[in-house]
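In case you want the letters, here they are:
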Amino acid sequence: MMDINNYWSKYNKDLLELNNKILNHNTKHNFNYVEDSFYNHVRDILSLIIIKLCDGKKPLKILDYGSNILTWSNFKNKISLDKIEVSLYDPYYSKEYEKIDENIKIFSNFDFIKKSFFDLTIFGSSSQYIENFYSLLENNKEIFSQNILFTHTPFSLKENFMSSQFTGYKGKQHVRSVDSLKEFFIKRNYELVFKSVINNNYASVEEAYLKQTIYANLFFSKD
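Every value quoted in this text rests on a predicted model; they were computed, and no experiment measured them.

Our next topic: the layout of surface pockets. Reported here for the second largest pocket is a volume of approximately 340 Å³. The wall of the second largest pocket is formed by 16 residues, among which Leu-53, Gln-146, Asn-147, Ser-221 and Lys-222 lie closest to the centre. Classifying every residue of the lining of the second largest pocket gives 6 nonpolar, 3 polar and 7 charged.

Below, the structure written as structure tokens:
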């Protein structure tokens, strides 16, 4: 049986080499590093949402839940980060808290979330690993920001299901009904203002579930 803690800790360490490569490229060139697969598409969506939400008067406070530093290493040469403050929650990070630069801090202690207010919460392919996802939102209002973005996340076109994953990670995914997700947010006065899909083969679900799976980007917002 896979040791999830060890897997994600090793995963984070392995990302450092790529992270440094991207930062080095972006320092030497005028345009950003081209990432493999669908990641450029995902980063561009996030970039445009940040531009939309930034009012230029105060920093945009962002919670990136369950992600890693690589997500933010390739924004240089895309958009200015001067007006954003990113709090990156990674429960498997080696340190309880670390300030990466003026705009980005990363922490493994959930208590730091409770001390903050956020304008945008991002679940970048992380919500499917959270068993009690709706309870997490309901019981931690700090996460329930005005704007919530899901990127490259598997959802079901039918009912919820559990599936094994077949990437480097070999654990289970909680693939939730996209209709139930929309209903959850609409009941709380959110509007689904953007949606797009990626080839569902990247969702890495069991073949029996593939036809009912979408690998989606969803952006919910409320006034």
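Having seen it, we continue.
Inspection of the entire model under this criterion finds 1 cavity of 30 Å³ or more. Looking at the largest cavity, its volume works out to about 30 Å³. What lines the largest cavity is Ser-127, Gln-128, Phe-133, Thr-153, Pro-154, Phe-155, His-174, Arg-176 and Leu-181. Of all elements in the fold, only β6 (147–156) and β8 (172–177) reach the threshold of two or more residues within the lining of the largest cavity. When residues of the lining of the largest cavity are assigned to their parent elements, the largest contribution, 3 residues, is made by β6. Class assignment for the residues of the lining of the largest cavity results in 4 nonpolar, 4 polar and 1 charged.

Here we take up the side chain of Ser-145. Relative to the elements of secondary structure, Ser-145 occurs in the loop between α4 (133–139) and β6. Since its relative accessible area comes to 3%, Ser-145 is described here as buried. Side chain to side chain, Ser-145 and Thr-121 meet in a polar contact 2.8 Å long. Every residue in contact with Ser-145, bar those within four places of it in the chain, is listed here: Phe-118, Asp-119, Leu-120, Thr-121 and Tyr-190.

Further remarks concern the side chain of Asn-103. Looking at where Asn-103 falls in the secondary structure, it is placed in the loop between β3 (97–99) and β4 (104–107). In this structure the side chain of Asn-103 is engaged in a polar contact, spanning 3.2 Å, whose partner is the backbone oxygen of Ile-84. Not counting residues up to four positions away in its chain, the partners in contact with Asn-103 are Leu-81, Asp-82, Ile-84, Glu-85 and Val-86.

Now for the pattern of salt bridges. In this structure the tally under the stated criterion is 7 salt bridges. Asp-44 is the partner of Lys-78 in a salt bridge, and the nearest nitrogen-oxygen pair spans 2.6 Å. Placement of Lys-78 in the loop between α3 (70–73) and β2 (84–89) and of Asp-44 in helix α2 (residues 39–53) is noted, with a sequence separation of 34 residues between them. The class of Lys-78 is partly exposed, set by a relative accessible area of 22%. Ionic pairing is found between Glu-138 and Arg-188, a salt bridge with its closest N-O pair at 2.5 Å. In this pair, Glu-138 sits in helix α4 while Arg-188 sits in the loop between α5 (178–186) and β9 (191–198), placing the two residues 50 residues apart along the sequence.

Rules used in this analysis
As a convention, each chain's residues are numbered from 1 in the sequence order in which they are written. The model is predicted, so local features are restricted to residues of pLDDT at least 70 and side-chain atom pairs to those at 80 or more, both for listing and for counting; the totals for chains, interfaces and linings are taken over all residues. Calculated side-chain values reflect all of the structure's heavy atoms, with hydrogen atoms and water omitted. We place a 1 Å grid over just the protein atoms. Points where a 1.4 Å probe fits but has no way out form a cavity, open points with protein on both sides within 12 Å along at least 5 of 7 lines form a pocket, and any residue with an atom within 4 Å of a point lines it. Grid points are joined across faces, edges and corners, and a volume is the space filled by probe spheres set on the points. Three classes are used, and their members are as follows: Ala, Val, Leu, Ile, Met, Phe, Trp, Tyr, Cys and Pro are nonpolar, Asp, Glu, Lys and Arg are charged, and the others, Gly among them, are polar. Secondary structure elements are defined from DSSP: runs of H or I of at least 4 residues count as helices, runs of E of at least 2 residues count as strands, and each element is numbered from the N terminus. Under the scheme applied here, a residue whose accessible area is under 20% of the maximum for its type counts as buried, over 50% as exposed, and between as partly exposed, the area being computed with a 1.4 Å probe on protein chains only. Under the rule applied, a polar contact is a pair of N or O atoms within 3.5 Å (in protein, one hydrogen donor and one hydrogen acceptor; residues adjacent in sequence only if both atoms are side-chain atoms). In what follows, a contact means two residues having at least one pair of non-hydrogen atoms within 4.5 Å. A pairing counts as a salt bridge when a side-chain nitrogen of Lys or Arg comes within 4 Å of a carboxyl oxygen of Asp or Glu.

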